[in-house]
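# Summary of structural features
Next come the chains, spelled out residue by residue.
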Amino acid sequence: MAQKLSVLLAGPGHEVVNYQMMPAFLSDSRLAVAGQAMNWDVLKSQLPVYKPEVLVVQAGVAPGPDELINLVSGMQAWNGVTLVLLPPGATGARGAFENMPGVVAGVHSTEGLNFGELPALAYSAGETARARLMKVSAAPVMAAAPAGVGYMPPGLQPVLTGTKRIAVLSHAGGAGVSTVAEGLAYELAVRLSIKTLLFSLGMPAAAASHLRLRYIPSMTEFFERPGRASIQSAIQRLEGLDVIVAPDNSLEYLRMGQVVDTAAPNSIYAGLTAAEDGSYAAMIMDLPGAETPWMLHPLYFANQLLIVARPTMADLFATRHTLSALNILGSKLPRESIYLVLNQVSEASAFTPRQFLEELASALDWSPPIAAVIEHDPNILAAQNQRVPAVTRSEKLTRGVRQIISNLFPGMENTLSQTQENNNGTKSVFRMPKFRLG
Ligand SMILES: Nc1ncnc2c1ncn2[C@@H]1O[C@H](COP(=O)(O)OP(=O)(O)O)[C@@H](O)[C@H]1O
Ligand SMILES: [Mg+2]
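First things first, this report covers the structure right here in the doc. Keep in mind it's a predicted model, so treat the numbers as computed, not measured.

## Describing the pattern of salt bridges
- Under the defined criterion, the tally for this structure stands at 15 salt bridges.
- Between Glu98 and Arg94 there is a salt bridge; the shortest N-O distance is 3.3 Å. Here Glu98 and its partner Arg94 are both found in helix H4 (residues 94–98), 4 residues apart, which amounts to about one turn of the helix.
- Relative accessible area serves as the criterion here: at 44%, Glu98 is assigned to the partly exposed category.
- Arg94 gets classed as partly exposed once you look at its relative accessible area, which sits at 27%.
- The shortest N-O distance in the salt bridge between Glu276 and Arg165 comes to 2.8 Å. Highlighted residues: Glu276 in the loop between helix H12 (268–275) and strand E10 (282–286) and Arg165 in strand E6 (residues 164–169), separated in sequence by 111 residues.
- Residue Arg165 is classed as buried on the basis of its relative accessible area of 10%.
- A single salt-bridge network, built from bridges that share partners, covers Glu375, Glu395, Lys396 and Arg399.

Dropping the structure here:
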C-alpha cells in the first residue's frame, strides 16, 4: 500500500476550508488530509508540526503575501510544496508567489476555479516534489552539485532536492535512445503526474513522429530571441507532458549546432538552462548520436546520464566509446550518476546483462550499473508506427521504464511499489525488481 500524500488545508474560516476545499479531498484515496487551519495563528503553529507534503492555502488566511511567502518557504526543510489560491482582490500577489517555484507548485485564482480539480493538482504537486528528492551521496559529489540544488538548514533531516536533468545517449544508432527517453518522460508526466519536460534533440526530432507532435514551435524560437519567454513558447504539450523539439530545418539545426560556446546567450546550453524554471522534477534529453553541441551541451547540462545499449558487440563498443569519451568531451558527471539501460534484450541476445557488464568492466576499469533491462517487444515499433506513446502499448517497456524510475528517483519507491491503477483505468501489476549483478 503506497503512502498517501499528506495535505494540510488552510483558509480564512470554516466556510472556505470545510465547504469549498474539503469535500473533494475526502473522495481522493491518494491523499490524506492531515489537518485544517482556519486562521493564521493556527496555520503558523501547525504547519511545522504537521509537516504536510502539500499545503493548499487560500491566501486570505495570511495578513499579507509577504507573511505567507515567508511561512511557506520554511516548507523546504521537509521538501513540502504549496498550492496557493488567490481570492478576488489578492490576485496582484500572483507574481510574488510564482517567483518561488521550488516551494509554490501552483497559483490559482479562486474565481472560476473548479474546486473538484484541487486534489489532482495537489497530488501532482506532491508527487513532483517527491520525485525531486535526490540521492544523497558522497560529499564531493554534493559539492559539485549544480545550481538549484540546496542544502537544508542544519538540524533537520538532510533532504536534497532539485530537477533531475537526465541525458539519454548512445553512440550507436537504433539502440532505443528515443524510445527510452520518450517512455520515461511519458510515464513520469502522464501516468505518475510528475512535472516533466522532454527535449527531443535528434535530427529530425523523434518525438514529432512517435508522439504525434509538430516541428514548430521548436528550439529555433529560443535561438532567434534568447530568453525565458521564447523557450516557454517552444513548449508543446502532450496530455500532461511538456516537450521541446529541435528544429527539423537542417539549416537552423546546423546554425544552432555551430554555437559551440556554452556561455553564448543563444547556445543550446543556454536554452536548456532557460527552460529550467524550478517547477520540473525531471528534464529528459533525447540526444543524437553525433558529437556536436546538440549532444555535448545537453551532456554538460545533465546531472544524470542513461546510456542505452543493445546486448550486441557493436553496442558494447559504442558504450565503451561513450564512457571513455566522456572525459575527453569535458563532461564532469560523477560516476554515481551514470547508468546503463540494456534494451531490446531477448533469449537470442549475444550477451547476458552480466556478460555485458563484465566485458565493459574488463575493458575500462569500471562499469556503470544497469538501471533497467528492457526486453525486445514488437509492440513498441507498432505503437510508434501508429504514433501513440509506446508505454501505452508495451508492458515490457513500461516495466523497464519503471525500473529506471525506481533507480533514479529515490522519493518514488512507495508510489511505484504499489499495485498501480493507471490514469487510463487499466490495471497493471508491475513488480519492481531491482536488477542486481550476480
Ligand atoms: N525494446 C524494444 N523492443 C523492440 N524494438 C525496439 C525496442 N526499443 C526500441 N525499438 C525499436 O528500435 C528502433 C530504434 O529505436 P529508437 O528509439 O529510434 O533508437 P535511437 O533513438 O537510439 O536511434 C525503433 O524502430 C524502435 O521501435
Ligand atoms: Mg533517436
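## What about the site of ligand 1?
- Around ligand 1 lies a shell of 16 residues, among which Val177, Thr179, Asn343, Asp377 and Gln384 are the nearest.
- The separation between a nitrogen atom of ligand 1 and a polar main-chain atom of Asp377 is 2.8 Å.
- When residues of the shell around ligand 1 are traced back to their parent elements, those giving at least two are helix H7 (177–191), strand E12 (338–345), strand E13 (370–375) and helix H16 (378–385).
- Of the residues assigned to the shell around ligand 1, the class counts are 5 nonpolar, 9 polar and 2 charged.

About the cut-offs
Each chain has its residues counted from 1, following the order in which its sequence is written. Key to labels: chains lettered from A, ligands numbered from 1, both in the order written. For this predicted model, a pLDDT threshold of at least 70 governs which residues receive local features, and a threshold of 80 or more governs which side-chain atom pairs are given and counted, while totals over whole chains, interfaces and linings are taken from all residues. By convention in this description, side-chain values take in all heavy atoms of the structure and omit both hydrogens and water. Salt bridges are defined by distance alone: a side-chain nitrogen of Lys or Arg within 4 Å of a carboxyl oxygen of Asp or Glu. The secondary structure listing takes helices from DSSP runs of H or I that are at least 4 residues long and strands from runs of E that are at least 2 residues long, numbered from the N terminus. Under the scheme applied here, a residue whose accessible area is under 20% of the maximum for its type counts as buried, over 50% as exposed, and between as partly exposed, the area being computed with a 1.4 Å probe on protein chains only. The cutoff for a nearby residue is simple: one of its non-hydrogen atoms must lie within 4 Å of the molecule or strand. Polar contact is defined as a pair of N or O atoms within 3.5 Å, subject to the rule that within protein one atom must be able to donate a hydrogen and the other to accept it, and that residues adjacent in sequence are counted only when both atoms are side-chain atoms. All amino acids are sorted into three groups, where Ala, Val, Leu, Ile, Met, Phe, Trp, Tyr, Cys and Pro are nonpolar, Asp, Glu, Lys and Arg are charged, and the leftover types, Gly among them, are polar.

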